[in-house]
There are 4 protein chains.
Amino acid sequence: MQPLTRIRHEPAAAPGTSPAERYAQLRATTLSLADGLSPEDCNVQSMPDASPLKWHLAHTTWFFETFVLEPALAGYAAFDPQFRLLFNSYYNAIGEQYPRHERGLLSRPALEEVLAYRRHVDAAMERFTASAAAREPRWRDLVELGIHHEQQHQELILTDLKHALSRNPLSPAYREALTRPAVAQGTSVWLRYPEGIRQIGSNGASFHFDNEAPRHRVFLAAYELASRPVSNGEYLRFIGDGGYRRPELWLSQGWDALREHGWDAPLYWRGGDGRRRSFTLSGERDLDAAEPVCHVSYFEADAYARWAGARLPTEAEWECAAADAHTGGNFLESGVLHPAAAPADAAGPLQMLGDVWEWTSSAYGPYPGYRPAAGAVGEYNGKFMVNQYVLRGGSCATPQSHIRASYRNFFPTAARWQFSGIRLARDA
Amino acid sequence: MQPLTRIRHEPAAAPGTSPAERYAQLRATTLSLADGLSPEDCNVQSMPDASPLKWHLAHTTWFFETFVLEPALAGYAAFDPQFRLLFNSYYNAIGEQYPRHERGLLSRPALEEVLAYRRHVDAAMERFTASAAAREPRWRDLVELGIHHEQQHQELILTDLKHALSRNPLSPAYREALTRPAVAQGTSVWLRYPEGIRQIGSNGASFHFDNEAPRHRVFLAAYELASRPVSNGEYLRFIGDGGYRRPELWLSQGWDALREHGWDAPLYWRGGDGRRRSFTLSGERDLDAAEPVCHVSYFEADAYARWAGARLPTEAEWECAAADAHTGGNFLESGVLHPAAAPADAAGPLQMLGDVWEWTSSAYGPYPGYRPAAGAVGEYNGKFMVNQYVLRGGSCATPQSHIRASYRNFFPTAARWQFSGIRLARDA
Amino acid sequence: MQPLTRIRHEPAAAPGTSPAERYAQLRATTLSLADGLSPEDCNVQSMPDASPLKWHLAHTTWFFETFVLEPALAGYAAFDPQFRLLFNSYYNAIGEQYPRHERGLLSRPALEEVLAYRRHVDAAMERFTASAAAREPRWRDLVELGIHHEQQHQELILTDLKHALSRNPLSPAYREALTRPAVAQGTSVWLRYPEGIRQIGSNGASFHFDNEAPRHRVFLAAYELASRPVSNGEYLRFIGDGGYRRPELWLSQGWDALREHGWDAPLYWRGGDGRRRSFTLSGERDLDAAEPVCHVSYFEADAYARWAGARLPTEAEWECAAADAHTGGNFLESGVLHPAAAPADAAGPLQMLGDVWEWTSSAYGPYPGYRPAAGAVGEYNGKFMVNQYVLRGGSCATPQSHIRASYRNFFPTAARWQFSGIRLARDA
Amino acid sequence: MQPLTRIRHEPAAAPGTSPAERYAQLRATTLSLADGLSPEDCNVQSMPDASPLKWHLAHTTWFFETFVLEPALAGYAAFDPQFRLLFNSYYNAIGEQYPRHERGLLSRPALEEVLAYRRHVDAAMERFTASAAAREPRWRDLVELGIHHEQQHQELILTDLKHALSRNPLSPAYREALTRPAVAQGTSVWLRYPEGIRQIGSNGASFHFDNEAPRHRVFLAAYELASRPVSNGEYLRFIGDGGYRRPELWLSQGWDALREHGWDAPLYWRGGDGRRRSFTLSGERDLDAAEPVCHVSYFEADAYARWAGARLPTEAEWECAAADAHTGGNFLESGVLHPAAAPADAAGPLQMLGDVWEWTSSAYGPYPGYRPAAGAVGEYNGKFMVNQYVLRGGSCATPQSHIRASYRNFFPTAARWQFSGIRLARDA
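From a predicted model like this one, the values you see are computed outputs, not experimental measurements.

A. Layout of the overall build of chain A. When helices and strands are tallied, chain A shows 9 helices and 13 strands. Sorting the 428 residues of chain A into buried and exposed places 61% on the buried side. Long-range pairs, those at least 24 residues apart, make up 80% of the contacts in chain A with a sequence separation of at least 6. Entry remark: accessible area of chain A is about 15,800 Å², with carbon and sulfur atoms responsible for 52%.

Next comes the structure, spelled out in structure tokens:
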């Protein structure tokens, strides 16, 4: 993997960092995402699927308060008992929830008060970390979960904010110099993987969500994977070839979505054939043909693949290739995707981790033997295992330490506001 | 009229106040409504019919900029050309409009920038007022219109803010000590008005909107009007008598609305029979049985009247009675609405102006001979003259100098977030 | 009135016709409307506002059964007790109602069974007519109401069927030779009416619905009325002049409706500028420029009037002119609407009765002193008196004996499937 | 497999039946489903997902006309060229389609005309069958596809008709003596299947749809499958235990669906705890506790399984077990699902084929190496491979010869109007 130009919202954790230091770094990183934003910016909710930045700040704090401090820190006094309802996202076991689509109406508590809430919980977490309970596996695991939970919200803060700013005719920039997925690297070639029984799922060596376990065997027929994600330039050829006007390229539901929403390009693309522009977190810019295409729905990814005479990879195919890439790999280079000389560095798949989330053809479901975590946090993943599709790899907006080959992200098939792109596969 | 406890957001204009002073007072009054609110508070839009306070601050400013400064102040430079679209409410003649239901997404421009916009326009208006153009009737009238326009938005700021705060489970208070409609005064009695040809509409002695003209003749049969608005206590008897469960009391559309929205009491009422509470701009309070009932839809007003064996007045009946009340009147007291001694002070209708807007049975339409104002401001009133009903009298949230007997307010029949109440009438 | 080419679904009642004969003629006329239709044709419901022909056949029968036979014919046995719910349109006092928008799902009872239901009730009505009760005013009035009720449904059968057939790509014809509004007669001229106190409302000389009473005084300023309805040819000029593209011509709600529904011509118009066609009950035909424009909404009528520098008449203005036309009249001819020689026959308004329903600017509301009929039939009219507008005059689909100058029809402002047209008015 | 009481709408094809005889039998069977129904019954569409029986009769005919006769029968004249659009379900390659949700509006062509259309096509098919082309594999395969296509619609005719009749308050019966799923057989026991690489998908020995191919290897961990479907009696215990009131048992989308639709029992169940009734094709009947539960959504099946401490099988698990059952099998009996003596006949899974469709946990997607059929019929299956879940086994409404172990049915997760039930699985 080449180093990538990414949103650098996360300092690397030096080896030997203590839990308290990791927690502090996490929380500081989250806060830093609000730098330069006004209280109004932090309060806007531009669609039901997105949440205000202030809500993210509060909800991640609520998570530590609810799942760690209240049960495990003696004498802990809630900052405000009403926050239990206000900032509960979807945990029925905790109680009622404020309606998701109305989070943008919560001008109170004010941003300042939410920041005070964070400080209140941070101080309590400091006391907790020094307590004996913090060393019990049960609570240690919940703190770890809380950290990874907040990392997920760090990415959501960026995707939700990007969506909100994009709706403003002023096209405001969030930050001037950051953010974009890396340019697609070299010519795309097909990398070949042999058939066999493989294992996927977390090997337990590091933190993982419950949906990444248990590690289990799958049978894979031989397949090929593109060496890099589809680029904007390649996607433009799909558009130019009538990609958005030919129903035969689309799933039936995809074609319906296209017509309902008037899709004719990825989300955030602006302008017509003459001069394509794209709205980014740095404002509106000329489209870079070399970047991976981004902000496409599953339907668009699937249609592009059909147009290209290929298909999307399954999540097992993807994970095995990603695992190989890290271990030396056993793929075989089989040919050039678009006729051109294969680049010298195409010894393995490129840009799998941390550029764009890559749609897979796998519906999000439980692994064989899956058991949700005990207690309310069992609602974290399991109850969403239907009618969503898995994305792999992490994006330029994902915290670096949050990315791993076994990670399973998931979104509905029409979602486009995540940093989601395309990598092609085909039968060998 | 007895003096009322009202939202005192408007200092009285002393006699001899200059136009420049009136403008300055107006603008200061508007700004003062935001005192104590956070930028988030000023950005929230809780439903498509309501707008964020920040938007009201900007739109009223846009009005002066668009209709006065741009055409009539030489050398005027727009604060930001993009505001022409952003803060245009509904004037097609001016150009495109930002979607109304998404005003809450506009975190930019920030509140601070909107305040700077106000200062920019205020400074230019100061220059304009000193110019010769300011004395031309055409521009003088447009400034006057802008002042009354902004007064309307002063009231909308309060109604929209009340709605937004009411959606917050924290039930935040806007201000501690203010706001409520006065208590209903004494026993309600029927006041009788004889038949005859009367005149309604503005007599032109003071400012009026185009929809109040021309003054014209109407024939009225003899009728009776209640001496004061219906009180909460009276309305509670309607509820106790199954008012919200008996379709025979309701217009068909009203019954549909009741079932669709689950209405069982006026908007902002909370709690059940045991202890009625009401959300107010001062937070949640015990319901005061003596206050005029408020925040009822046309449908509820109509159903209450039917239950009471009465009806709503027409706007002509209402205006003639209001005009009489100011001139000595010619009504005849005919009986007690609820058996009790008539109060000594029931020499005329009470609380007609400035307590609650009173629904009339008159559909909002043009007066005979109506001509909309010339130019874009002709869209101010005329294009809304369908499927709305007229309310009269002004509320506790209406600026005092904005209230007059000929004033025609109008809202759709299901609207409840205005300070709208009920006064009964019946055929004599 | 000139004789008109009309839908001849009603034989004229000869003088001296007995009540039993009138009932029999009514029922036979209704049945004849189904001639040539299949059971499927009679079961289709193409939108919630329209009902299947079979439902009309049953509901009009239910009306006699429920309001006459059950209370007033000793020993009457209901045909099927379940029909009480199935064919109750909207009478809450009678009990629950089958959902209106699902009437098209009722394949049972079959058409044959509904015809048997009609025969069952007709036989009972024959017994009733011979009974003493039939001569009591109370029951005699209810039978009369039932007759006029069924006449209304005769028209609705045609409008609903036209709508249903229009949705079929086969453009089927209902009948070959019938149906169209008459051609507009001659050049339209302005007829002038002086100011004064006039009376409107039924004079009680013949049957009227409760909403036509009481007759009462109104004050009318001087006004002018067009001598005939607007023609298709005139309406084409409105379209050609950008009528559907200029928001300044439209009420705000009208413009919203235009954009939501994509209106660019009256309902049932097909084809573009080259060759205008129109779907009729005789199938698709070339548009006749001389016919009155038909199937326009209130919004379109209002926009056309604004474009023409005129307005719609109030219902009082319309009724006074119609009454005058029958009594000799007192109007004064004031000028030619479109520059041309006034026709010799323009001695009074033409085509007011029985060509197209003419939208008035009057919201549908109670007349002063209005009292709904006692009992369940009190729901007939009163509960709909909000958010609808009055149409006057009757159409080519209205039974001849059902037309009268005081008749108040009413529909929502976006309705277009009735035979609704435009007559212009203006201030004198 | 025990013989089952089924909807006998299909005579068994005797060995040696000729293609022409099979076609004739198919067509006669389809027609027989309309026996005793009125034209109105055949025209009703009770929801967008269901179609009128008349439409099914026409569309299955259109299929043969479009895919066989027009391209392959020289001199074939279309019965009516307009039917190409009217009865195209969803083939974009064929052209435009009449809106699916408005099929119930098509009173024309009348049922009689559709029957004539069938005769016209049947006569042409007779000519075609005698032609040389009929022996070419390409056309022979399309005829075969048309036969299986029409068999699918035979089942849909019954499910759609059941839904339509269920909406009628008269609860009409379709046929008196038929229809129900068989009673659940004996005590349910767990049958155990070992881990290993298995093959699923059609082995090509008989007709299959493209989505059943290619046959391919899968790795299965050891698992257990219930010996029979869940019964109504078992499902009643789930309800009694608060199954519809406990969000922890439900997928998040399932809980949303439950609240949106007010689900508290399977579709067609009526009455409360006292006396459960069920609407069937024979009218309303007492619920039979021993029958397999039917008309449940994926969400309900999944919630039931979670409540029972089990899960739904994957389609691979299901198919392998079904295949084993037919070949002798290799399962091991592992225990009793509900404590009771295992029945003597539980030597293998019972009632897998032809009682109720059994929801699997597998999202409907392409098998590895899947290739849609060439031409327009390639739209048959492939374009629906997203956001649906696979059901297996066939129901009492499925034609017997249409049932096979590799058959993949698929519906969205909230669909309940199919004969869909539950079989439990668990990890071994």
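More follows now that the structure is in view.
B. Looking closely at the relation of the copies chain B and chain C. For these two chains of identical sequence, chain B goes onto chain C by a turn of 180 degrees and a shift of 0.0 Å along the axis, with RMSD 0.0 Å. What the rotation and shift describe, once combined, is the action of a two-fold rotation axis.

C. Region of interest: the sheet that holds strand β7 (residues 283–286) of chain A. Residues and elements named next belong to chain A. The strand order across the open sheet built from 3 strands is β5-β6-β7, with neighbouring strands paired in antiparallel fashion. Of all strands in the sheet, those with a lone pairing partner are β5 (269–270) and β7, marking the two edges. Of the pairings in the sheet, the one linking β5 to strand β6 (residues 277–280) comprises 2 bridges and is antiparallel in character. Residue W269 lies in a different strand from β6, and its bridge partner there is S278.

D. Highlighting the side chain of B:D41. Turning to its location among the elements, B:D41 is positioned in the loop between α1 (19–32) and α2 (53–72). Setting aside its immediate chain neighbours within four residues, B:D41 contacts A:S107, A:R108 and B:L161.

E. Looking closely at the relation of the copies chain D and chain C. Mapping chain D onto chain C calls for a rotation angle of 180 degrees and an axial translation of 0.0 Å; the resulting RMSD is 0.0 Å. Interface overlap between copies: 100% of the residues of chain D at the interface are likewise at the interface in chain C, consistent with a symmetric, same-surface contact.

F. Fine view of helix α1 (residues 19–32) of chain A. Residues and elements named next belong to chain A. Taking 1.5 Å of rise per residue, the 14 residues of α1 would be expected to cover 20 Å, and the 20 Å separating its terminal C-alpha atoms lies within 8% of that figure. Buried within α1 we find Y23, L26, R27, T29 and T30. For α1, the angular spread of buried residues about the axis comes to 160 degrees, placing them on one side. Close packing links the buried residues of α1 with α2 (53–72), α4 (111–129) and α5 (137–166).

G. Seen up close, the pattern of salt bridges. Residues and elements named next belong to chain C. One pass over the full model with this rule turns up 124 salt bridges over all chains. Note that E212 and R404 form a salt bridge whose closest N and O atoms lie 2.7 Å from each other. Of the two residues, E212 is situated in the loop between β2 (196–200) and β3 (216–220) and R404 in the loop between β10 (389–392) and β11 (409–411); the sequence distance between them amounts to 192 residues. On the accessibility criterion, R404 (12% relative accessible area) is buried. Here E234 makes a salt bridge to R228, at a shortest N to O gap of 2.8 Å. Under the relative-accessibility criterion, E234 is labelled buried at 6%. Its relative accessible area of 6% is what places R228 among the buried residues.

H. The interface of chain D and chain C, seen in detail. With 30 residues of chain D at the contact, the number on the chain C side is 30 residues. When chain D packs against chain C, the two sides together hide about 2,500 Å² of surface, and 55% of this comes from carbon and sulfur. Taken together, the connections running from chain D to chain C amount to 6 salt bridges. For C:D41, the salt bridge is made with D:R108, and the minimal N-O distance between the two is 2.8 Å. Seen at the junction of chain D and chain C, the total is 12 residue pairs in polar contact (both at pLDDT 80 or more). The class makeup of the residues in the side of chain D that touches chain C is 16 nonpolar, 8 polar and 6 charged.

I. Structural view of the domain arrangement of chain A. All names here are of chain A. Looking at the assigned domains, one finds that chain A contains domain 1 (19–166) and domain 2 (190–427). For domain 1 and domain 2, the distance between their C-alpha centroids amounts to 29 Å. The interface is formed by 27 residues belonging to domain 1 together with 26 residues belonging to domain 2. Carbon and sulfur atoms supply 65% of the area that domain 1 and domain 2 bury against each other, a total of about 2,400 Å² over both sides. By the criterion of area lost to domain 2, the three top residues of domain 1 are Y90, E155 and K162, representing 28% of everything that side buries. For the pair domain 1 and domain 2, the interface holds 16 residue pairs in polar contact (both at pLDDT 80 or more). Residue assignment for the side of domain 1 that touches domain 2 shows that the elements contributing at least two residues are α2 and α5.

J. The packing of aromatic side chains, seen in detail. Going through the model one piece at a time under the given rule, you end up with 140 aromatic pairs over all chains. Centre to centre, the rings of D:F87 and D:Y117 are 6.4 Å apart; their planes meet at 25 degrees, and the pair counts as stacked. With D:F87 in the loop between α3 (83–86) and α4 (111–129) and D:Y117 in helix α4, this residue pair connects regions lying 30 residues apart in the sequence. For the pair shown, D:F87 and D:Y117 are each scored as buried. Through successive ring pairs, a cluster of aromatic residues spans A:W62, A:F63, A:F67, A:Y90, A:Y91, A:F207, A:F209, A:W357, A:Y380, A:F384 and A:Y407. Sitting over the face of the ring of A:Y367, A:R408 holds its NZ or CZ atom 4.0 Å from the ring centroid. In this arrangement the basic side chain of D:R103 is found over the ring face of D:W55, its NZ or CZ atom lying 3.6 Å from the centre.

Conventions adopted
- Residue positions are given per chain, counting from 1 as you read along its sequence in written order.
- Think of it this way: whatever chain is written first is A, whatever ligand is written first is 1, and the rest follow in order.
- Residue-level local features of this predicted model are given only where pLDDT is at least 70; pairs of side-chain atoms are given and counted only at 80 or more, and the full residue set underlies all totals for whole chains, interfaces and linings.
- As a rule here, side-chain values cover all heavy atoms of the structure and leave hydrogens and water aside.
- Runs of H or I in DSSP of at least four residues are treated as helices and runs of E of at least two as strands, each being numbered from the N terminus.
- Only protein chains enter the calculation, and the probe is 1.4 Å; a residue is then buried if its accessible area is under 20% of its type maximum, exposed if over 50%, and partly exposed in between.
- Note on contacts: a residue pair qualifies if any of its non-hydrogen atoms lie within 4.5 Å across the two residues.
- Methods summary: accessible areas were calculated by the Shrake-Rupley approach with a probe of 1.4 Å, and residue burial reflects only the protein chains presented.
- A least-squares fit on C-alpha atoms brings the copies together, and the residues used are those whose pLDDT is at least 70 in both copies.
- Strands pair, by our definition, only if DSSP identifies at least two bridges between them.
- What a helix is expected to span follows from its residue count: subtract one and scale by 1.5 Å.
- Read the arc as the range of directions from the helix axis to the C-beta atoms.
- Definition used for salt bridges: Asp or Glu carboxyl oxygen within 4 Å of a side-chain nitrogen of Lys or Arg.
- Two parts placed together each lose some accessible area under a 1.4 Å probe, and the buried area is that loss summed for both.
- Whenever two N or O atoms come within 3.5 Å, that pair is a polar contact, provided that in protein one can donate a hydrogen and the other can accept it, and provided that, for residues adjacent in sequence, both atoms are side-chain atoms.
- Residues were grouped as follows: Ala, Val, Leu, Ile, Met, Phe, Trp, Tyr, Cys and Pro as nonpolar; Asp, Glu, Lys and Arg as charged; and all remaining residues, including Gly, as polar.
- The start and end points of each domain follow an automatic or database-based domain assignment.
- For Phe, Tyr and Trp, rings pair up if their centres lie within 6.5 Å, where Trp contributes its six-membered ring, and each pair is then called stacked (planes under 30 degrees apart), edge-to-face (over 60) or tilted (otherwise).
- By definition here, charges over rings are those cases where NZ of Lys or CZ of Arg is within 6 Å of the ring centre and within 35 degrees of the ring normal.

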